Every structure is written in C-alpha cells, then in structure tokens.
Amino acid sequence: MADTLILFTSIGLSEQKAKETLKNEALSSALKEAITQAQNVKGVSEVDKAMGTLLYSMASRLKDTKCVAFLSENIAQRKISTELQLAAALEFLMSHPHDPINQKEFEDACGVGVVITPEQIEDAVESVIKKHKEELLKERYHFNMGLLMREARGGLKWADGKVIKNEVDMQVLHLLGPKTEADLEKKTKAPKAKVAENDVKPKKEELAVNGEATTGEGMSLMEQLRGEALKFHKTGENYKTEGYVMTPNTMSLLKKHLDYTGGQIRTRFPPEPNGILHIGHAKAINFNFGYAKANNGICFLRYDDTNPEKEEEKYFTAIKDMVEWLGYKPYQVTHASDNFQQLYDLAVDLIRRGHAYVCHQKGEELKGYNAPPSPWKDRPIEESLVLFERMKKGLFAEGEATLRMKMVMEDGKTDPVAYRIKYTPHHRTGDEWCIYPTYDYTHCLCDSIENISHSLCTKEFQARRSSYYWLCNALDVYCPVQWEYGRLNLTYTVVSKRKIIKLVETGVVRDWDDPRLFTLTALRRRGFPPEAINNFCARVGVTVSQTTTEPHLLESCVREVLNDTAPRVMAVLEPLKVTIMNLPENTQSEVRVPDFPANEAKGSHTVPFTRTIFIEQSDFREVMEKGYKRLTPEQPVGLRHAGYVISVQKVLKDPQGKVVEVEVNCCSSDAAEKPKAFVHWVSQPLQCEVRLYDRLFLHKHPEDTSEVPNGFLSDINPDSLQVISSAFVDTSVKRAKAFDKFQFERLGYFSLDPDSTAEKPIFNRTVTLKEDPGKI
C-alpha cells in the first residue's frame, strides 16, 4: 500500500488525492498498471506531472481495462499529449471494442502527428475577428469572446485551447485598446417588450397540439423524447452506455440485432396483468410508447403473465383499453407466456453453463436479503438438470424446489429465484406448465427475444440492472440496455394494488374504477380526458429523479382541455322553484344557449323556457347581505341566455320556515337596469343524480406512518363523496353517452357515468371551475 501511494504521488498526485484513489480498487489497479507501463516505455524519471495527469484521466474514464497498456504506451510516447486527444482516443476505443486496433486509424482519429503552427492560429483568429469586427467595435469588451474562441477553433481541431485564447486576447487588445471604465461596467439587460393590449399573450402552459402535449416551458413530450434530447444510445451502440457489460460475442450479437431491426428503436410497456393501471403507469406508457413514436420506432405491449395465481382476464382487457385510451396503438400485443418453452430451454442452458442450480430451501427462507447460503449451490450440474426436469413434470410439491441463479444483485440479494412451482392453471397455457419463471429471470430474456433496443423502467428497478446484464451475457444472447427514469407519485392517494384491494374489500370505494382513486379507469370514469393526462405527464417531464406531485396540477391540465372541449349546459344541484307571475300559464318558448360562449361558431343548443323555472337555492337570500350580488327581495338578477331580469314579488315557505318557492316578475333585460349578476336556471328539466368528489384521504401522505400513525385506512375523508339524488339538468344532455363531458355553467365540469339509465342520468363532477376567491 505504501509503495503504491509513493507511485501515485510520483506522477504529481497530492497525498490526499492518492489516498482517495487507493480506496477505489478498480481505479487504483488501472492507474498502477498505467504508470508501470509508461515507466517501462520512458523510464521512471520521464513520467512527469503532465503525463501523469493524462494517465490518471485515462484510468478513471476507460471502460475496457484491457486497453490500459495500449493507451499508456501511446501517452508515454507523447502521441497522446492533450486532453482533447485523450477524449478522441477513448471514443475510438469505445467504438471499436473488440476489433484489432488499427494503429493508423487510431492515430488519424486522435490527431497524432498533426502540428498546428502559431501562424495557423494567428491567421484563424484574424479571420474570425475580421468577420465580427463591426460588432466588436460596437460592443467592445461586452462582446461574447467565447464565440471568437469557438469559431477560431472550428478549423483547428487539435490546437491547444490556451494558445488560441492568448491569441484572441492579444488581437482583441490590438483592435480595441485597453479596457475603459465603460468596458468594466456590467452590461445592462434590455427591457422586456410590453405586450400591446390587442396582442394575444401566449399562455405559459399551452395545450396539446396534434397530440403533442407541452410542458410549462412549451416543450412537447415528443420534443423531450426525440433524437438526442435524452442522451440515450443509438440503436446498436449499446456498448457506449455507462455500465453496459461487454463479452467477446457482444459485437456479433449487436450486428445480428441491427440486421433484424434495421436500426429501428424498439421499446415495450410490460405490465403485470394482476391489477389496473394507475397515474404512474400513464407516465410509463407515455415514456415507452412516446419515445418510440418520437423516433419513428415501435413499442410492444407485453403482458408479464408469469404468476397465474393473481392474473385475471379483466386486467388484460383493462390494460389494453387504457393504453389505447391514452392514444397509443401497440405495434404488437405479446405475452411472456408466448416464450415459456424458449425460457425453459434457456434455463436448462443456464444450468449446463454452471450458472443455476435446483435449491430446496423453503420459500420463507428465500425472502429478504439475509437468506442463509444454499447448501445446494455446488451440487453437480447433471443433478440439477435432472431435478429441474422433475420440477417441470410436477414431481415436487409447491415450495419444495426452486431454480436459483448464481449471482448477487446490486441490492445485495443473493442467488435470486428463476423458477418456482405453482399448481395453478394459466389463463393461456392451462395445465401445460406447473413451473413459472420469475420477473428477474423473464424480463430481460423477453426483451432480448423481442430485440428491444431501449428497456425503459422506473428507478426502483436500477438494483436489477446488473442481474439484467448478467443473465443475458451468461446465456450469450443479445443484451438490450436498461434505462431508468423517475417514478411519478401523487399526494393524497395510494396506488399500491394491495392497498386498493383493501379499500375495495372494506367498502371504502366501490371498485378499481371508483372516481376517487387515481387508477386510469377511475380517472376516465371521473371524466379526465386522456389528452389532459398526457399533458400532465409532459409537464412533469422526463426526469431521472422520483417526483411527487400535487393533484391540483393534474386538475389544472384537465380544466385546460375541458375548457375547449366540454360544451356548456345548465344544471341546478339544489333546486329552488321560481314562478314568473307576469307570464301566462301556458307560456313556452325556446332559448338558444351557445355550447362555447367564447366561440359561438362552435355550435349551440336550445332549452325550453316556461313560467316555472328552477334556480340554485344559494342564488337566493331572503335577507340581503353586504357583497351578495344575486337574487334578494330588494335586488333583481338576470337569467343567463334568456334575456330577462327577474325581481321578487313573494317568498313562499313550508311549515318549518324553509323557503320552497319564490314568485317573481320579469322584464326584458333591454328595458331593465343592468343587474349585478346573472344566474343559471332550468325549465322542464331532466332529473339526474350528481356525485361530487373530494380527496379520498385527509393527509398528503396517507401511507406515511409518521403522518398517519394508524395506517391509511384510518385517514379516509368522510366527505370524499357527496351524492345529490334529485338535481336537475337541461334537456340538451338526454342523448349523451357514457363518459361524455359537459361544463355545468357556474358549477364545474361533469361526465356522464356508465351507471346512467335513460330514466335517470348520473353525472360525476370531474373538477370544479377555477374559482374567483373574491366572488360571493
């Protein structure tokens, strides 16, 4: 250790840096080899600090340690003498991982032997300054000198950056002279141009255009996912990804992959069909299908159907429905069970290669990360082959035997299970199999079989990345690249399948599609448009970090879409009868109501207007209060769209003193003084049921025991559902279909529930309108 410390300090590392390096076993080994090789080439005394800096940089950045000697020799011979050349050398080796290194091609790629003379640098800088002379004289030292550096360097790739900078500084000084006091002052920013009153100021957060949802910064999801935006590897260049594991056959397997795919990006969305998709899955759907779509690729919908005990046909159907509801069409619908025979054959091969064994530890012993070492790990290969065949034939009881892989996962789990016994018929293969593969075994191999180029998954699967690469390489099959992104979480909800089942079983919610949940079927039932969910995913953005978001941000996206798509109708939730006394008994006319008052060209509908109408109870007060603008005995009010102003003549009450009817007179709004407010109303309405929803939980994090000590079931909001059984709505909605959406004027956005009948429609409140806090 002491000798190595001396070796490291001999190339210019400080003692502290040398000690830190020694803590990193891989880096320490590579650097030691690099220094020793350089000293063998040049001699101990000739390895100076400049050369040492390059050797350290090379050792810390080189992925393939087999190239340490080759690169060290080129550094020692001064062929690689700058950081720029070293970067080119590393790039060349990464692009030719298993090819015999062609020295001439390598040197050409690294600029070896290329000499940039001072005259060339002087001429290049002179040319750039001449090009920008006018702006330089105008802006002087406030001009962006970095631009001059970049342009001068453009034609001198291998020139020393410091020499170029010195030349730029000298020529600028010659042109402008020394800096003045004005040059030393900070450059003032130009004031932002004011938007003229008649100009349309763009919204901060625009809606989806042609299916491309936009973020708050105006960047669509497709733009976030397109091309170089994510810094993902190009198809077939898997080996350029950090952490990707190479084998001698990697390049030939990648060539076959490229030949098969034609360089096309291929992704997959692989849900387990044992529950309903939730809002977090919406991000995964947008990411997987969106990334493929943005880059002219394809995306598979693959059901991970390897656990027949928990899978039901309704989940398969609901998952596909939700993917298509969000606007995506799978290139192909596949199942892990499509590959059961191939997966079994690969498991046999894994045993033959000495990488798996049959184990008889019980299930409970295998749980957790401190499972005792298996006494069967070193059993003979032939014995494991025979036992695995017996597992397949059903000669063991459940839990009596498993197939385990000989590897350690990143999170410390040792020898994960590849196959287990389950005597449960499979929904697709029936009783053909009684052994089923696990996620850790199935997932990467199905990705390989389908020639997936980018295996996109949430951050919690990062601990499985090493096992993903290990298994593909252990079987010598094509290995995709696993990329992780941050999971999307919402406050005031739970999305765990186990917890939702508990909510259903205890009667807190009706089913997986209860509109108070954040499953996708629940959001659809509540009336959330798929475009709004996609816009929300775009706004959250494609992040690596896990995000927890407030529901109101999602609701904001919903309002924006529905404002442009949900036609306006009038409905009264708590009706108060109003009789217009100065109209004849048999008065009946039609009032035309615009579907979208801000754009009447988008259509309209008619509603009846008679002597009897209904308004909201809250739109009448018998006693006038300060700031109240609606109907009182002293204050008239306008009727929306009708062209009438009504004023109170008499208030009728029941024996308990509750107001049950108001008698009024009306006059044309043209003849009356403009009222302080206009209220909505209905006449000859349809009776309907209205369901008003609020947050299901009282606390932001119902699963957090520090916030909710007694568990999430103790945190239920008693007012999360209010049912109004005798509301009224105008007759224009009588032909509406399930999930049709409307804005009930002044009340909110509502969607027709599938429970509706012709006799009694049922509406779910999707979201409230944006409230004006100052309005009473």
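Residues numbered from 1 in each chain as written. Predicted model: local features only at pLDDT ≥ 70, side-chain atom pairs only at ≥ 80, totals over all residues. Heavy atoms only, no water.

Novice: Sorry if this is basic, but what is going on with the overall build of the protein chain here?
Specialist: When you go through the protein chain residue by residue, the secondary structure sums to 25 helices and 26 strands. Against the 2.2 N^0.38 benchmark of 28 Å for 776 residues, the protein chain shows a C-alpha radius of gyration of 36 Å, more extended than a compact globule. Here the C-alpha coordinates of the protein chain stretch approximately 115 × 90 × 50 Å along the principal axes. Within the protein chain, the proportion of its 776 residues that are buried is 49%. Taking as baseline every contact in the protein chain between residues at least 6 positions apart, the subset at least 24 positions apart corresponds to 69%. Here the protein chain displays about 38,900 Å² of accessible surface, and carbon together with sulfur accounts for 50% of that area. When the 103 basic and 110 acidic side-chain charges of the protein chain are each reduced to a single mean position, those positions are 2 Å apart. (Helix = DSSP H or I, 4+ residues; strand = E, 2+ residues; numbered from the N terminus. Rg over C-alpha atoms; globule rule 2.2 N^0.38 Å. Buried < 20%, exposed > 50% of the residue type's maximum accessible area, 1.4 Å probe, protein only. Contact = heavy atoms within 4.5 Å. Areas by Shrake-Rupley, 256 points an atom, 1.4 Å probe, with all protein chains shown as cover. Lys, Arg positive; Asp, Glu negative; His and termini not counted. Charge placed at Lys NZ, Arg CZ, Asp CG, Glu CD.)

Novice: Please clarify how the side chain of Glu-560 should be interpreted in this entry.
Specialist: Mapped onto the elements of the fold, Glu-560 is located in helix α25 (residues 551-565). Its relative accessible area of 14% is what places Glu-560 among the buried residues. A polar contact of 2.9 Å, which involves the side chain of Glu-560, links it to the side chain of Arg-539. (Polar contact = N/O pair within 3.5 Å; in protein donor to acceptor, adjacent residues only side chain to side chain.)

Novice: Just checking my understanding: could you explain the pattern of salt bridges for this structure?
Specialist: Once the charged atoms of two side chains with opposite charge are near each other, the side chains can pair. Within this structure, the stated rule accounts for 42 salt bridges. Between Lys-79 and Glu-107 there is a salt bridge whose closest N-O contact spans 3.0 Å. Taken as a pair, Lys-79 in the loop between α5 (68-76) and α6 (83-95) and Glu-107 in helix α7 (residues 103-110) lie far apart in primary sequence, 28 residues in all. Of the charged contacts in the structure, one is a salt bridge between Asp-755 and Arg-510, with a shortest N-O distance of 2.9 Å. Of the two residues, Asp-755 sits in the loop between β25 (748-752) and β26 (762-767) while Arg-510 sits in the loop between α22 (497-505) and α23 (520-526), which places them 245 residues apart along the sequence. The exposure class of Asp-755 is partly exposed, given its relative accessible area of 31%. Assessed through its relative accessible area of 51%, Arg-510 is described here as exposed. Shared partners join several salt bridges into a network, and the residues in it are Arg-510, Asp-513, Arg-525, Glu-689, Arg-691, Asp-753 and Asp-755. (Salt bridge = Lys/Arg side-chain N within 4 Å of Asp/Glu carboxyl O.)

Novice: Honestly, the packing of aromatic side chains in this entry has me stumped. Any pointers?
Specialist: Given two aromatic rings, one states the distance between the centres and the angle between the planes to describe the pair. Counted by the stated rule, this structure contains 25 aromatic pairs. Geometrically, the ring pair formed by Phe-287 and Tyr-485 is edge-to-face, given 4.5 Å between the ring centres and 75° between the ring planes. You can see Phe-287 sitting in helix α15 (residues 279-294) and its partner Tyr-485 sitting in strand β9 (residues 481-485), a full 198 residues away along the chain. Note on Tyr-485: relative accessible area 4%, which makes it buried. Between the aromatic rings of Tyr-468 and Tyr-469, the centroid separation amounts to 5.9 Å while the plane-to-plane angle is 85°, which identifies the pairing as edge-to-face. Tyr-468 gets classed as buried once you look at its relative accessible area, which sits at 3%. Feature note: the residues Phe-340, Tyr-344, Phe-388, Tyr-419, Trp-433, Tyr-436 and Tyr-441 constitute an aromatic cluster, connected by ring pairs. Directly above the aromatic system of Phe-396 lies the positively charged group of Arg-390, at a separation of 5.0 Å from the ring centroid. (Phe/Tyr/Trp six-rings, centres within 6.5 Å; stacked < 30°, edge-to-face > 60°. Lys NZ or Arg CZ within 6 Å of the ring centre and 35° of its normal.)

Novice: Help me out: how do you make sense of the pairing of β26 in this one?
Specialist: Looking down a regular strand, the side chains alternate between one sheet face and the other. For β26, the tally of buried residues reaches six of six residues, placing the bulk of the element in the interior. As paired strands, strand β22 (residues 686-693) and β26 are joined by three bridges and run parallel to one another. Bridged to Val-690 within β26 is Phe-763. Sheet topology note: the β25/β26 ladder contains four bridges and is antiparallel. Its bridge partner lying in β26, Tyr-749 is registered against Val-767. (Pairing = 2+ DSSP bridges.)

Novice: Mind showing me how you'd approach the sheet that holds strand β3 (residues 332-335) here?
Specialist: Backbone-to-backbone hydrogen bonds join strands into a sheet, with any given pair of strands oriented parallel or antiparallel. With parallel pairing, the three strands of this open sheet are ordered in space as β1-β2-β3. Two strands close off the open sheet at either side, each with one partner strand: β1 (266-269) and β3. The mean angle between the axes of side-by-side strands here comes to 35°, regardless of whether they run parallel or antiparallel. Sheet topology note: the strand β2 (residues 298-303)/β3 ladder contains four bridges and is parallel. Bridge pairing links Tyr-303 to His-335 in β3. Its contacts with the sheet put helix α16 (residues 313-325) on β1, β2 and β3, and the angle it makes with β2 is roughly 160°. (Axes fitted to C-alpha atoms, helices over the stretch in contact; angles between N-to-C directions.)

Novice: Just checking my understanding: could you explain the nonpolar core for this structure?
Specialist: One recurring pattern in soluble globular proteins: nonpolar side chains tend to sit buried together. Membership of the largest hydrophobic core comes to 95 residues, with the highest contact counts inside it found for Ile-279, Phe-388, Tyr-419, Tyr-441 and Ile-533. Contacts of Ile-279, omitting those with residues within four sequence positions, involve Leu-488, Leu-490, Phe-518, Leu-520, Leu-523, Ile-533, Phe-536 and Leu-554. Within the second largest apolar cluster, 38 residues are counted, among which are Leu-13, Cys-67, Ala-89 and Cys-110. (Core = buried A, V, L, I, M, F, W, Y, C linked by side-chain atoms within 4.5 Å.)

Novice: I tried to follow a negative patch on the surface on my own but got confused; where do I start?
Specialist: A surface patch of like charges, here negative, comprises Glu-119, Glu-122, Asp-123 and Glu-126. Summarising the element assignment, Asp-123 is placed in helix α8 (residues 118-131). (Patch = residues over 30% accessible without salt bridge, like charges linked within 9 Å, V, L, I, M, F, W, Y side chains within 5 Å.)

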